[in-house]
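# A closer look at the structure
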Amino acid sequence: AQTVTQSQPEMSVQEAETVTLSCTYDTSENNYYLFWYKQPPSRQMILVIRQEAYKQQNATENRFSVNFQKAAKSFSLKISDSQLGDTAMYFCAFIPEGAQKLVFGQGTRLTINP
Amino acid sequence: DTAVSQTPKYLVTQMGNDKSIKCEQNLGHDTMYWYKQDSKKFLKIMFSYNNKELIINETVPNRFSPKSPDKAHLNLHINSLELGDSAVYFCASRLLGGGHEQYFGPGTRLTVT
């Protein structure tokens, strides 16, 4: 069974700092997709970034970037120049190619302090 | 221009009642999901429909019954509500054969007293 592990239940940084959230996953599949979702206090689940396993290049979306290490089954999220609005729960998610179910990690609660 | 919408956003009811949550998406997606998020924020899939056909039915009590009148709508009816049903319920949608990402509704916070 596929699993996703986020080893940091909570993190806290100062505004403008860079922060990295960790995510590891376990699968025997070769083709799959990885995502980071953000859930602010408003509880809306927002897609932050996606990565296809067959792409070696790490995905970036403005201040958000990932470090995808396929052999290590690691998919960390880096937030540069963090802002107060980045305060949220962050969920790592995984889905094999052609599958129906997203598998979510336990989430990391990130707090950006002024 | 809301992509995935849910109604209601808040629902407070007493044990034993029956309630429904509605979901609609205007993204042209063909697959929709219901998730339950518990108090520890853990997200668990409950059901999924593809073009009105049930394709995922996780271990969920029979009191929960999803219905998809068309591929843009997915409703969740809950009979005989229990205290343990209190949670946030999310609807999501995706396009099969697309990028595999799912887009979520704003969630419905259900509180059973």
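Residues numbered from 1 in each chain as written. Chains lettered and ligands numbered in written order. Predicted model: local features only at pLDDT ≥ 70, side-chain atom pairs only at ≥ 80, totals over all residues. Heavy atoms only, no water.

### Focus: the overall build of chain A
Applied cut-off: Each helix corresponds to a stretch of at least 4 residues labelled H or I by DSSP, and each strand to a stretch of at least 2 residues labelled E; elements are numbered beginning at the N terminus. Each residue's exposure class comes from its accessible area (1.4 Å probe, protein chains only) as a fraction of the maximum for that residue type: buried when under 20%, exposed when over 50%, partly exposed otherwise. Accessible surface is estimated by sampling points in the Shrake-Rupley manner with a 1.4 Å probe; for residues, cover comes only from the protein chains shown.
Within chain A, the secondary structure is distributed over 0 helices and 12 strands. In chain A, the order of α-helices and β-strands from amino to carboxyl end is β-β-β-β-β-β-β-β-β-β-β-β. The buried share of chain A, reckoned over its 114 residues, is 48%. Here chain A displays about 5,400 Å² of accessible surface, and carbon together with sulfur accounts for 44% of that area.

### Examining the environment of Asp38(B)
Residues and elements named next belong to chain B. Filter applied, for reference: Two N or O atoms count as a polar contact when they lie within 3.5 Å, although within protein this holds only if one can serve as hydrogen donor and the other as acceptor, and sequence-adjacent residues are included solely when both atoms are side-chain atoms.
Summarising the element assignment, aspartate 38 is placed in the loop between β4 (31–37) and β5 (43–50). Since its relative accessible area comes to 33%, aspartate 38 is described here as partly exposed. Taking the C-alpha atoms as reference points, aspartate 38 and threonine 13, separated by 25 residues in sequence, lie 17 Å from one another. A distance of 2.9 Å separates the side chain of aspartate 38 from the backbone nitrogen of phenylalanine 42, its partner in a polar contact.

### A word on the environment of Val4(B)
Residues and elements named next belong to chain B. Our working definition: In what follows, residue pairs with any heavy atoms lying within 4.5 Å of each other are defined as contacts.
Tracing the backbone shows valine 4 in strand β1 (residues 4–7). When its relative accessible area of 5% is taken as the criterion, valine 4 is described as buried. As a C-alpha pair, valine 4 and phenylalanine 90 span 86 residues in sequence and 9.9 Å in three-dimensional space. The contact partners of valine 4, leaving out residues within four places of it in the chain, are Cys23, Glu24, Gln25, Leu27, Cys91, Ser93, Tyr103, Phe104, Gly105 and Pro106.

### Side note on the pairing of β5(B)
Residues and elements named next belong to chain B. As a reminder, the rule being used: Pairing between strands is defined by DSSP: at least two bridges between the two strands are required.
Burial within β5 is extensive, with 7 of its 8 residues counted as buried. Bridge count for β4 against β5 is 7 bridges, and the pairing is antiparallel. Considered in β5, the bridge of lysine 36 is made with lysine 44. The antiparallel pairing of β4 with β5 creates a hairpin that spans 5 residues between the two strands, and lysine 41 there sits at a positive phi of about 75°. Of the strand pairs in this sheet, β5 and strand β6 (residues 53–57) are connected by 4 bridges, and their pairing is antiparallel. The residue of β6 that forms the bridge with tyrosine 49 is leucine 54. As consecutive antiparallel partners, β5 and β6 are separated by 2 residues, and within that stretch asparagine 51 has a phi angle of approximately 50°, a positive value.

### Here's the deal with the side chain of Ser82(A)
All names here are of chain A. The residue serine 82 is located in the loop between β9 (74–79) and β10 (88–96) in this model. What makes serine 82 buried here is its relative accessible area of 1%. Not counting residues up to four positions away in its chain, the partners in contact with serine 82 are Val13, Gln14, Glu15, Ala16, Glu17, Arg63 and Ile112.

### Concerning the nonpolar core
Stated formally: Buried Ala, Val, Leu, Ile, Met, Phe, Trp, Tyr and Cys residues that are joined via side-chain atoms within 4.5 Å together make up what is termed a nonpolar core.
Counting residues in each nonpolar core, the largest one holds 26 residues, and the members touching the most others are Tyr25(A), Trp36(A), Phe75(A), Leu77(A) and Tyr90(A). Those elements giving two or more residues to this core turn out to be β2 (10–14), β3 (19–21), β5 (32–39), β6 (46–52), β8 (64–69), β9, β10 and β12 (108–113) of chain A. In terms of nonpolar packing, the next biggest core, distinct from the first, is built from 20 residues, Ile21(B), Leu76(B), Leu81(B) and Ala87(B) among them.

### Overview of the interface of chain B and chain A
Going by this rule: Put simply, buried area is how much 1.4 Å-probe accessible surface two parts lose in total, over both of them, once they are put together. Counted as salt bridges are all cases of a side-chain nitrogen of Lys or Arg within 4 Å of a carboxyl oxygen of Asp or Glu. In the scheme used here, Gly and all other residues not listed as nonpolar or charged are polar, with Ala, Val, Leu, Ile, Met, Phe, Trp, Tyr, Cys and Pro taken as nonpolar and Asp, Glu, Lys and Arg as charged.
At the interface, 28 residues of chain B touch 21 residues of chain A. Summing both partners gives a buried area of about 2,000 Å² for chain B against chain A, and 55% of it is carried by carbon and sulfur. When residues of chain B are sorted by the area they lose upon contact with chain A, Lys41(B), His100(B) and Phe104(B) head the list and together hold 29% of the total. Scanning the region where chain B abuts chain A turns up 2 salt bridges. Among the ionic pairs, Glu101(B) bridges to Arg50(A), the shortest N-O distance being 3.1 Å. At the junction of chain B with chain A, the criterion picks out 12 residue pairs in polar contact (both at pLDDT 80 or more). At the level of elements, β4, β5, β6, β9 (87–94), β10 (103–104) and β11 (108–112) of chain B are the ones that each hand at least two residues to the side of chain B that touches chain A. A per-element tally of the side of chain B that touches chain A places β4(B) first, with 4 residues. Taken together, the residues that form the side of chain B that touches chain A break down as 14 nonpolar, 8 polar and 6 charged.

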